Amino acid sequence: MKNIFHLFKQKFSNKSSEAIVYDDRWFFPTLDRPGVIRRWIIGTISLIVFGTINADSQEWAYHFISLCQSWGVLSFFLLIFFGYGGRWLRKLPIGWSWVSWIVMTITFSLIMGSVDSLQNYDTPIYIFLLIRLGRDILFVCILLFLFDGQHRRGSASWVKTRLDNLQTRMRPHFLFNILNNLAEIVRTEPEKAEDALLDLADISRSMLRQDPEIKAVQEKEQAEAYIRLEKIRFEDRLKVEWEWDLGDNVRLPALMLQPLIENAIKYGVEPTSKSEKPILIKGWNDDSYVYIMIKNSMIESAKIKGNGITLPNLEERLQWLYPNKHWFRIKQNSDYFEVIIKIPYKTI
């Protein structure tokens with residue numbers, strides 16, 4: 001049974017690196033979360049048993065088989081529906097997601113009800129179908145209620161482990177590049193190398209803390225330290241322009257700016273030997289959300305295919321920190337590449 005759950009979950013797991021824009025109010029099952037399929041099946045069986053118990057005790061077997069044929073099959077189709085269609089449905093306004101499952105439920109209920117009504121001669125067909133339709137919609141509503149956003153996140157320990165793993169995956173590549181830069185100047189420019197080591201020590205210290213969120217002022221200081229380290233290699237080719245209007249105590253995900261800046265440097269500075277437009281880093285907020293935007297020039301020879309692992313890792317980390325309460329949008333054309341992030345406004 002464990003292997004069946006594992007294979008079924010793998011089938012629906014999203015392994016694509018494409019960034020997804022989720023509707024903030026999405027609450028339907030996300031089947032790549034731990035234990036969701038198992039809870040869906042357990043919920044379906046529990047509701048079937050509950051419906052059977054509330055029927056006439058002399059016809060329990062008949063009602064149990066009838067509910068398995070209707071609710072069991074309906075539950076399976078919804079599982080397939082959310083498994084294959086959830087990724088695209090989450091890009092739509094939430095109203096269309098509601099319409100989609102309601103239409104599917106009504107269609108299924110009317111088809112199955114019409115078949116069953118052929119064996120029912122005591123009740124008018126339209127009354128029979130209305131009762132059947134109301135029963136099926138109630139079943140689906142109760143089943144979906146079991147899978148709100150917090151329920152689908154899994155246990156707190158599982159989430160923390162996943163976040164730590166995503167954050168750790170960024171470190172080796174980052175440290176490797178910086179150490180290479182230091183090796184080039186440690187003999188020729190020892191004072192510059194000493195300053196760079198202090199910046200690296202500050203960034204390493206922040207990595208060791210593993211705090212999921214830190215103050216905006218701390219995140220900006222770490223990003224500035226990273227930019228100073230990269231300037232060792234790129235010198236005047238690397239230009240950065242800040243438009244930073246966030247308060248010092250606003251909460252930001254730890255190490256959020258560094259991978260975005262690294263991505264901007266990789267595709268906007270590294271491929272060319274001449275100075276391009278500066279990397280623009282903006283941060284602002286309203287009463288409900290914090291917005292971060294990073295924009296860089298797009299070099300024709302450095303077209304991004306799949307965005308590597310940097311941006312997908314960051315997007316997944318944001319999804320675990322702020323499930324269905326964030327944006328991660330990418331805009332790209334022949335001249336520029338832009339990432340815009342929206343997260344809930346909080347202060348420390």
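In what follows, the structure referred to is the one given above.
The model shown is predicted, which means the values in this text are computed figures rather than measured ones.

What counts as what
- Residues numbered from 1 in each chain as written.
- Predicted model: local features only at pLDDT ≥ 70, side-chain atom pairs only at ≥ 80, totals over all residues.
- Heavy atoms only, no water.
- Helix = DSSP H or I, 4+ residues; strand = E, 2+ residues; numbered from the N terminus.
- Expected span 1.5 Å × (residues − 1).
- Buried < 20%, exposed > 50% of the residue type's maximum accessible area, 1.4 Å probe, protein only.
- Polar contact = N/O pair within 3.5 Å; in protein donor to acceptor, adjacent residues only side chain to side chain.
- Contact = heavy atoms within 4.5 Å.
- Pairing = 2+ DSSP bridges.
- Axes fitted to C-alpha atoms, helices over the stretch in contact; angles between N-to-C directions.
- Phe/Tyr/Trp six-rings, centres within 6.5 Å; stacked < 30°, edge-to-face > 60°.
- Lys NZ or Arg CZ within 6 Å of the ring centre and 35° of its normal.

A. Spatial organisation of helix H10 (residues 216-234). Under the 1.5 Å per step criterion, the end-to-end length of H10 is 26 Å for 19 residues, consistent within 8% with the ideal 27 Å. Where H10 is concerned, the buried positions are Ala216, Glu219, Lys220, Gln222, Ala223, Ala225, Tyr226, Ile227, Leu229, Glu230, Ile232 and Phe234. Note on H10: the residue one or two positions beyond its end, Glu235, has a positive phi of about 50°.

B. Region of the structure containing the side chain of Lys220. Relative to the assigned elements, Lys220 resides in helix H10. A polar contact of 2.6 Å, which involves the side chain of Lys220, links it to the side chain of Glu224. When near neighbours in sequence (up to four residues on either side) are disregarded, Lys220 contacts Trp242, Trp244 and Leu257.

C. Local environment of helix H12 (residues 310-321). With 12 residues, H12 extends 17 Å between its outermost C-alpha atoms, agreeing within 8% with the 16 Å of an ideal straight helix rising 1.5 Å per residue. Most of H12 is tucked away, with 11 of its 12 residues classed as buried. For H12, every residue scored as buried is listed here: Thr310, Leu311, Pro312, Asn313, Leu314, Glu315, Arg317, Leu318, Gln319, Trp320 and Leu321.

D. Inspection of the sheet that holds strand E6 (residues 327-332) at higher detail. Taken in spatial order, the five strands make up an open sheet running E2-E4-E5-E7-E6, and their pairing is mixed. Edge positions in the open sheet fall to strand E2 (240-244) and E6, since each of these has one partner strand only. Adjacent strand axes in the sheet meet at a mean angle of 10°, parallel and antiparallel pairs treated alike. Bridging between E2 and strand E4 (residues 279-285) involves five bridges; their strand directions are parallel. Residue pairing for E4: Glu243 is matched across the bridge by Lys282. Against the sheet, H10 engages E2 and E4, with an angle of about 175° to E2.

E. Just the packing of aromatic side chains, in detail. A full pass over the atoms with the stated rule returns five aromatic pairs. Measuring from ring centre to ring centre gives 5.6 Å for Trp242 and Trp244, while their planes differ by 80°; the resulting arrangement is edge-to-face. What makes Trp242 partly exposed here is its relative accessible area of 24%. Assessed through its relative accessible area of 17%, Trp244 is described here as buried. Seen from their ring centres, Trp284 and Tyr291 are 5.4 Å apart, and the 10° between their planes marks the pair as stacked. What makes Trp284 partly exposed here is its relative accessible area of 31%. With a relative accessible area of 15%, Tyr291 lands in the buried category. Among the aromatic residues, those joined into a cluster by ring pairs are Phe76, Phe77 and Phe108. In this structure, Lys282 packs its charged tip against the face of Trp284, placed 5.3 Å from the ring centre. Positioned above the aromatic ring of Trp327, the side-chain terminus of Lys342 is 3.7 Å from the ring centre.

Limitation: the analysis is restricted to geometry and does not speak to function.
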